[in-house]
Amino acid sequence: MKIDNNCRILLEKLELAGYQAFYVGGCVRDTVMRREINDVDIATDAPPEQIMSVFCGYKVIPTGLKHGTITIINCGIPFEITTFRIDGSYTDLRHPDSVTFSRSIYDDLSRRDFTVNAMAMDKDGNIIDPFGGIDDIKNMIIRCVGDPTSRFSEDALRIMRAVRFASQLGFEIESETAASVDLMKERLSNISRERIRIELDKLICGKNAASVMLKYRELIGVVIPEIRPCFDFEQHSQYHRYNVYEHIVRSIEKAPRDSLTLRRALLLHDIGKPCTFKIGEDRHGHFKGHAQTSEIMARKILKDLRYDNKTIDLTCTLIALHSNKIESERQIKQMISQLGIDVFILLMEMKKADNSAKMEFVFKENDLLDEHIRTAKRLENEGCCMSLSRLAVNGRDLTALGFQGPEVGAALNELLELVIDGKLPNEKTLLIKYIYSKLLPM
Ligand code: ATP
Ligand code: MG
């Protein structure tokens, strides 16, 4: 998204009605940094009712009327317009308990979390920067607006946001702000899990996710206490060069930044290692069953972070299968029949990221994983039968032959397995012949 005429028109309309209006927050920061903009937020001294009347004729959503936020849809794009305000304390999900509207952009910028997020820009591109945000961008620094301890006391989520922005922007957290992060991190346990989850997702997808997660690992330990035993846990394994926590973090770094699914699965993929660790007779470390233990732990953690069931199931499937070996085309077909091709490919990508954070000789397996991806795509393109939808007989055929209820599904699955194994061709007459000879219920 860009700041363009569609945005400028909104500022002009407010100004024409006699109000001040500015771009604020992330869009100003990202414009200065020449980064892609997520969403455009606007601040004005117009009270909410006046915003609504300035934009009569537009689709208007009173998003947070009490807090002065109105969403205007312009050319299909939503814009949040918020009255300048001074915040009271925060105890709920996303909003302060009480707000006081103000006529001053300075007040509005003062309530914002970090200097780089506390700048405003007018319609002509002039920037208002009372807290040194531009300098902090130049020096790549995240710094609280005002005293970090009191800002973090007002809203502890800002502790997490400091680390999230450090990860996303590749900035260092300024020393006083960093000291308060460290001092006050436990307060995050009072913050709603939904708010934490939103920041966690952004943190793990940041370009500096690995170094930030290493430096602020104690904060990660507050958010996910189950990960603490992984800190400094030596693996005693010829395959590994890092301890469990560092391996986790390095594997996240190796996954594409735009794949939240992979990064989330990698965050938890080895969390069950410390409790499954044993030194074998070969004197090496072994973690038998760790993928299943990790899956069980991950399900609980993800539930607690209020992820939806679909996300939890997909993440847990990837975690449960991440250390399985794939040895044949038949196995690839079987896996695709269970997972679908997209999840199969995701799993291969996850294994690649996992390998890339081990000893160098393990990377070589990644060529094989790429080969598996090519094989999967070829099988798919060839129309190879790997799911019931491609089987040459269906439920109706079996019902016509006298199968009933659960027998139908069981017979179809048996046939699919035989076809995948190459023991039967996927041809209707031959499949029916087989049914007559072997499967037909008495
Ligand atoms: P992104 O590009 O990830 O959306 P953003 O800076 O726009 O980054 P948002 O969470 O969308 O972040 O918040 C918009 C703006 O609102 C921030 O830039 C900041 O000025 C302000 N803000 C958001 N959350 C807080 C908070 N907890 N405390 C103070 N100010 C906040
Ligand atoms: Mg935003």
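As a reminder, the structure under discussion sits directly above these lines.
Everything in this summary refers to the structure shown in the same document. Every chain begins its residue count from 1, and numbering advances along the sequence as written. Here every chain gets a letter starting at A, and every ligand a number starting at 1, in the order they are written. Restriction of local features to residues with pLDDT of at least 70 applies here, the model being predicted, together with a cutoff of 80 or more for giving and counting side-chain atom pairs; totals for whole chains, interfaces and linings are based on all residues. The basis for the side-chain values is all heavy atoms of the structure; hydrogens and waters are excluded.

1. Quick word on the pairing of strand 2 (residues 41-44)
Right, so step 1: Here four bridges tie strand 1 (residues 21-24) to strand 2, and the two strands are oriented antiparallel to one another. Bridge pairing in strand 2 places Ala-21 opposite Thr-44.
Right, so step 2: Strands are labelled as partners when DSSP assigns at least two bridges between them. Per the convention used, a helix needs a DSSP run of H or I reaching at least four residues, while a strand needs a run of E reaching at least two, with both numbered from the N terminus. Here strand 2 runs beside strand 5 (residues 77-83); their pairing, made up of four bridges, is parallel. Counterpart to Ala-43 in the pairing with strand 5 is Thr-82.

2. Describing helix 7 (residues 157-169)
Right, so step 1: What a helix should span is 1.5 Å times the count of its residues minus one. In this model, helix 7 (13 residues) spans 18 Å end to end at C-alpha, consistent with the 18 Å of a helix rising 1.5 Å per residue.
Right, so step 2: In the stretch just after helix 7, Gly-170 is the one whose phi turns positive, near 75°.

3. Looking at the site of ligand 1
Right, so step 1: Around ligand 1 there are 16 residues in total, and Arg-29, Asp-155, Arg-158, Arg-161 and Arg-164 lie nearest to it.
Right, so step 2: Contacts described as polar in this section are N or O atom pairs within 3.5 Å, which, within protein, must combine one atom able to donate a hydrogen with one able to accept it, while residues neighboring in sequence count only if both atoms come from side chains. At 3.0 Å, a backbone N or O of Asn-117 approaches an oxygen atom of ligand 1.
Right, so step 3: For ligand 1, whose free accessible area comes to 590 Å², the fraction covered by protein is 88%.
Right, so step 4: Secondary-structure elements contributing two or more residues to the shell around ligand 1 are helix 2 (26-32), helix 7 and helix 9 (193-204).
Right, so step 5: For the shell around ligand 1, the element with the most residues is helix 7, which contributes four residues.
Right, so step 6: Any residue that is not Ala, Val, Leu, Ile, Met, Phe, Trp, Tyr, Cys, Pro, Asp, Glu, Lys or Arg is counted as polar, Gly included; the first ten are nonpolar and the last four charged. Partitioned by chemical class, the residues of the shell around ligand 1 number one nonpolar, four polar and 11 charged. We define proximity as follows: a residue is near a molecule or strand when any one of its heavy atoms falls within 4 Å of that partner. Using a 1.4 Å probe, accessible areas were evaluated by the Shrake-Rupley method; residue-level cover was limited to the displayed protein chains.

4. Quick notes on the pairing of strand 3 (residues 59-64)
Remark: a regular strand shows side chains that alternate across the two faces of the sheet.
Right, so step 1: By the bridge criterion, four bridges tie strand 3 to strand 4 (residues 69-74) in an arrangement that is antiparallel. Bridged to Ile-61 within strand 4 is Thr-71.
Right, so step 2: Hairpin connection from strand 3 to strand 4: four residues lie between these consecutive antiparallel strands, with Gly-68 at a positive phi of about 85°.

5. Structural notes on the packing of helix 13 (residues 260-268) against helix 17 (residues 341-356)
The axes of two packed helices give the description: the angle between them and the distance between them.
Right, so step 1: Fitting a line to C-alpha atoms yields each axis, with helices limited to the stretch in contact; the angle taken between N-to-C directions then spans 0 to 180 degrees. Where helix 13 contacts helix 17, the axes come no closer than 10 Å and their chain directions differ by 55°. By the angle class used here, helix 13 and helix 17 are oblique. Helix 17 is crossed by helix 13, and the crossing has right-handed handedness. Counting all contacts with helix 13, which are made through Thr-261, Leu-262, Ala-265 and Leu-266, the residues of helix 17 involved are Leu-346, Glu-349, Met-350, Ala-353 and Asp-354.
Right, so step 2: The residue makeup of the contact of helix 13 with helix 17, split by class, is six nonpolar, one polar and two charged. Angle categories: roughly parallel below 35 degrees, roughly antiparallel above 145, roughly perpendicular from 65 to 115, and oblique for all the rest. By convention, the crossing between two helices is left-handed when the near helix turns anticlockwise from the far helix through less than a right angle, and right-handed when the turn is clockwise. By definition, residues are in contact when any of their heavy atoms lie within 4.5 Å.

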